[in-house]
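Secondary and tertiary structure notes
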Amino acid sequence: MATYRQISDSAIAEGAPLSQPTMQALKDNQLAIPQGEGNAPRVKALGIELATSSAETKDISVFRYHCIKQNYDSSNQDNDTVMGKEYIFGRGGTFAVHIVSQGSSNHSKVQVKLYKNGSVIQTGASSFGTVENWYQIAFAPLDKIKIELIDTDTSTTFQLGKAWVFVYCDNPLGDAQHDLGRFAALTAGTLTYGVLSLPDIY
Amino acid sequence: MTTFNLISEIEVEVDRPLNAQTFLKLRENPLAIAEGDSSASEHRYQPTSFTDSTCTSGTQSRQVGYRLTTRRGYNGAKENARGADWKVARRGAYAVSLVKYAQDTTTSADIMVNGSSVFSVTGTGSGNVQQAWYVINVEVNDLVRVDMTTDNESVTFEFVFMYIYTDNPISEFETLHGIQSRTINTSESISGAPYTQDVG
């Protein structure tokens, strides 16, 4: 393994003699960094090639989440929303984001909001039916996203409302594929989490 | 693509005249490595070259590991359970959450790193459930697991979940499934041997 040596500014200053230790460091450092030698600077997420994606294309899924609200009636109508769990981006780049909301006819009108780092960046239309939207969104490493399922029907019996978020890229970093997703269901004040296969089909 | 050419020791020895070829290598080799050119195939970025994992105890940030260890005791035997290993892919600090359900106060859940206990939870809490966080500092290829040990010799059914989190993930993918390790039920006659299966 090559040894990493810090090269000082004075060693490469104008007029400074080019010494053998400096040449040795220039030679060895370029090998010590990819080898992860003890003193070598580490490769950060910002140094990795950016994620790329194609508009409205279900390439490699990197995140799936499903929110459900169900079984409310006039006696316990509370208009609570269902907040999804946050996803942390490990790498920056542009990802294709598919968000979907789905109410139920004449009873459950819902919409979905997409959050980035705690702020709403997209809001779907409120509807009893299915509303789908695609976005290509640039994220930096450690950015966070989540969705919120909004109950927009305040006057009638609420039966069932759903929201999904799917995140895709076409040059994934990592061997795994996100074939499964998490879901949260809010039923009469009970919040549960689980893992299911969440197909991006309606 | 840029081509990688190894700089020999002779080229950088004392009093050696510098030439254009050496400076060309100094300029282009880092590019060839970063581009993954085939000429640099022996100098790929290794897992140890990535920035260390960081974490915050008590924070469920990005889940990268999930294990469940289950022990089923029976009359007249102390049945310990060895967890399934989680192999560290990146050096650094990880926040580990243990959630233990134990019917017996002598039963402990231990975070094991390379076979040695680094943290232990013993006893029973409210409803026999105990939750604890611990930060492990580990190297690439270290093995982490959670074991259950006991002095109890009566019938019990106990288990512990271990969740492992990082604050600065490198890859895109969460861990949603894990490995369950448990003692074999006595009716299966191979007492004490662990086996693994997926848990959802």
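A brief report on the enclosed structure follows. (Residues numbered from 1 in each chain as written. Chains lettered and ligands numbered in written order. Predicted model: local features only at pLDDT ≥ 70, side-chain atom pairs only at ≥ 80, totals over all residues. Heavy atoms only, no water.)

1. A short note on the environment of Ala40(B)
Residue and element names in this part refer to chain B. For clarity, the threshold we go by: Per the convention used, a helix needs a DSSP run of H or I reaching at least four residues, while a strand needs a run of E reaching at least two, with both numbered from the N terminus. Buried means the residue's accessible area, taken with a 1.4 Å probe over protein chains only, is under 20% of the maximum for its type, while exposed means over 50%, and partly exposed covers the values in between. The contact criterion used is simple: two residues touch if any of their non-hydrogen atoms lie within 4.5 Å.
Residue position: Ala-40 is located in the loop between helix H1 (20-35) and strand S1 (62-73). By relative accessible area, Ala-40 is classed as buried at 0%. Sequence separation of Ala-40 and Ser-8 is 32 residues, and the distance between their C-alpha atoms is 15 Å. Those residues within four positions of Ala-40 in sequence are excluded, and the remaining contacts are Phe-4, Ala-32 and Ile-33.

2. Structural notes on the packing of helix H1 (residues 20-35) of chain A against H1(B)
Defined as follows: Structural elements are reduced to axes, namely lines fitted to C-alpha atoms, with helices fitted over the stretch in contact, and the angle between N-to-C directions of any two is expressed from 0 to 180 degrees. Angle categories: roughly parallel below 35 degrees, roughly antiparallel above 145, roughly perpendicular from 65 to 115, and oblique for all the rest. Working rule for handedness: look at the near helix, and if it is turned counterclockwise from the far one by less than a right angle, call the crossing left-handed; if clockwise, right-handed. Gly is placed with the polar residues, together with every amino acid not listed as nonpolar (Ala, Val, Leu, Ile, Met, Phe, Trp, Tyr, Cys and Pro) or charged (Asp, Glu, Lys and Arg).
Relative to each other, H1(A) and H1(B) sit at 15 degrees, their axes nearing to 10 Å. Considering their axes alone, H1(A) and H1(B) lie roughly parallel with respect to each other. Both H1(A) and H1(B) take part in a crossing whose hand is left-handed. Facing H1(A), whose interface residues are Met23(A), Leu26(A), Lys27(A), Gln30(A), Leu31(A) and Pro34(A), H1(B) presents Thr22(B), Lys25(B), Leu26(B), Asn29(B), Pro30(B) and Ile33(B). Here the residues of the contact of H1(A) with H1(B) sort into seven nonpolar, three polar and two charged.

3. A look at the environment of Gly103(A)
Residue and element names in this part refer to chain A. Take Gly-103: it is sitting in the loop between strand S4 (93-102) and strand S5 (110-116). Residue class for Gly-103 comes out buried when judged on its relative accessible area of 16%. Between the alpha carbons of Gly-103 and Ala-32 there is a distance of 56 Å; along the sequence they are 71 residues apart. Excluding its chain neighbours within four sequence positions, the residues that come into contact with Gly-103 are Ser-108, Val-110, Ser-127, Phe-128, Gly-129, Leu-160 and Gly-161.

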